[in-house]
Amino acid sequence: AAKEDMDQWDENGFHIIVLDTREPFKVVGTLRLFYNIRLLAGQNFYTEETFDLSGIRAHFPKCLELSRFCIDPNGRGGAILMLIWKYAMSFIQDNQIDVMLGCASFSGISVPTHLPILSYLYQHHLAPASLMPKPKVPEYIDLNKVHHEYVEWVSAQKSIPPLLRGYLKIGAKISDAAIIDHSFNTVYVAIYVEANRMRDQNPNLVNHI
């Protein structure tokens, strides 16, 4: 009714907000961090509305969900993204987070359009069975059945959204199912990144940003 994106995770989440100080209170970037210790009794992560994350939740004591990652269309050259990412990494290090999790979406609900990208992710970044996020909704794409063994990898890689490409560079793993979201006109997968592995591969990540 208010035409605003609000939900039950806002109040207890941590919000990174980037302001353009050249104009009075102009928000140019946001990221919401939700730490599992802030979940209320009976409350799940936003990602758990559509994915079963019980394998991840049982394996990693400290989980952090990343959502509401938004950047002003006029500021997507990289500086705002890197600034948000720097503060997120600081939060992860300061709180000794074990795993980051969330969703990665692709614009449009045409399944054939996304098959090259999803096939690439399936073959190169699939989560192990013990940690695999499983769909909880009836309408989804089973990548085990539809992925292409032979696709144009260069083209597929170029089609990966910049934010997801950044997650993949630090070791992100994806679900073997993609959800079709008609409300937001997207197809999305669940993703997670093990923080220890990320730090081992990028020991000076925060300092380099």
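Before reading on, note that the structure itself is shown above.
Source: prediction; values computed, not measured.

Caption draft 1: Fine view of the overall build of the chain. Within the chain, the secondary structure is distributed over eight helices and nine strands. Considered along the principal axes of its C-alpha atoms, the chain spans approximately 50 × 45 × 40 Å. In the chain, which comprises 209 residues, the share counted as buried stands at 44%. When contacts within the chain are restricted to residue pairs at least 6 apart in sequence, those whose partners lie at least 24 apart make up 75%. If you sum the accessible surface of the chain, you get close to 11,600 Å²; carbon and sulfur atoms cover 52% of it.

Caption draft 2: Seen up close, the sheet that holds strand β2 (residues 26-35). Pairing in this open sheet of seven strands is mixed, and the strands run β1-β2-β4-β5-β9-β8-β7 from one edge to the other. The open sheet has two edge strands with one neighbour each: β1 (14-20) and β7 (140-142). Sheet twist, expressed as the mean angle between neighbouring strand axes with direction ignored, is 25 degrees. Examined bridge by bridge, β2 and strand β4 (residues 63-71) share six bridges and lie antiparallel to one another. The partner of Y35 across the bridge, within β4, is L64.

Caption draft 3: The arrangement of the pairing of β4 in detail. Along β4, seven of the nine residues are buried, which leaves the element largely enclosed by surrounding structure. Strand direction decides the pairing type here: β4 and strand β5 (residues 99-107), joined by three bridges, are parallel. The partner of C63 across the bridge, within β5, is V99. For the segment spanning β4, helix α2 (residues 79-94) and β5, crossover handedness is right-handed.

Caption draft 4: Geometry of the environment of E49. Within the secondary structure layout, E49 lies in the loop between β2 and β3 (51-52). You can call E49 partly exposed: its relative accessible area is 48%. Once the C-alpha coordinates of E49 and K136 are considered, the two residues, 87 residues apart in sequence, prove to be 7.5 Å apart. Not counting the four nearest positions on each side in its chain, E49 is found in contact with W9 and V137.

Caption draft 5: Inspection of the side chain of E65 at higher detail. Topologically, E65 is positioned in strand β4. Look at E65: it is buried, it has no salt bridge, and the nearest opposite charge is R32 at 5.2 Å. A distance of 3.2 Å separates a polar atom in the side chain of E65 from the backbone nitrogen of Y46. Every residue in contact with E65, bar those within four places of it in the chain, is listed here: R32, L33, F34, F45, Y46, T47 and L101.

Caption draft 6: Helix α6 (residues 162-169), seen in detail. Among all positions of α6, only L164, Y167 and L168 are buried. Looking down the long axis of α6, one finds its buried residues gathered within 100 degrees of arc, a one-sided arrangement. Set apart from the buried face of α6 by more than 90 degrees, the exposed residues are P162 and K169. For α6, the elements touching its buried residues are β4, α2, β5, α3 (111-124) and β9 (186-194). Just downstream of α6 lies G171, where phi reads positive at about 100 degrees.

Caption draft 7: Region of interest: unusual backbone geometry. The backbone of R68 sits at a positive phi, close to 55 degrees, despite the residue not being glycine. Residue placement: R68 occurs in strand β4. Unusually for a residue other than glycine, Q96 sits at a positive phi of about 50 degrees. Residue Q96 is classed as exposed on the basis of its relative accessible area, which comes to 55%.

Caption draft 8: A look at the pairing of β2. In terms of burial, β2 is a largely internal element, seven of the ten residues being buried. Here β1 pairs with β2 via seven bridges, running antiparallel. Each bridged residue has a counterpart across the sheet, and for F14 the counterpart in β2 is L33. Linking two consecutive strands that pair antiparallel, namely β1 and β2, is a turn of five residues; a positive phi of about 50 degrees is found at F25 within it.

The rules behind each value
Every chain begins its residue count from 1, and numbering advances along the sequence as written. pLDDT decides what is reported in this predicted model: residues at 70 or higher carry local features, side-chain atom pairs at 80 or more are listed and counted, and totals for whole chains, interfaces and linings draw on all residues regardless. Values shown for side chains rest on all heavy atoms present in the structure; no hydrogens or waters enter the calculation. The helix and strand labels rest on DSSP assignments: H or I over at least four residues marks a helix, E over at least two residues marks a strand, and numbering proceeds from the N terminus. Relative accessibility under 20% of the residue-type maximum defines a buried residue, over 50% an exposed one, and the middle range a partly exposed one, all with a 1.4 Å probe and only protein chains included. Contacts between residues were defined by any pair of non-hydrogen atoms, one from each residue, lying within 4.5 Å. In this description, accessible areas are obtained by the Shrake-Rupley approach with a 1.4 Å probe, and a residue is regarded as covered only by the protein chains that are shown. In short, DSSP must find at least two bridges between two strands for them to pair. Comment: axis = line fitted to C-alpha atoms, over the contacting stretch for helices; angle = value between 0 and 180 degrees taken between N-to-C directions. Crossover handedness is defined here as right-handed if the route from the first strand over the helix to the second strand goes clockwise, with the strands pointing away from the viewer. His is not counted here, nor are the chain ends, while Lys and Arg score as positive and Asp and Glu score as negative. For this document, the term salt bridge refers to a Lys or Arg side-chain nitrogen within 4 Å of an Asp or Glu carboxyl oxygen. N or O atoms within 3.5 Å of each other form a polar contact, as long as, within protein, one can give a hydrogen and the other can take it, and as long as residues adjacent in sequence are counted only when both atoms are side-chain atoms. As used here, the arc belongs to the directions running from the helix axis to the C-beta atoms.

Worth remembering: the numbers are spatial, not functional.
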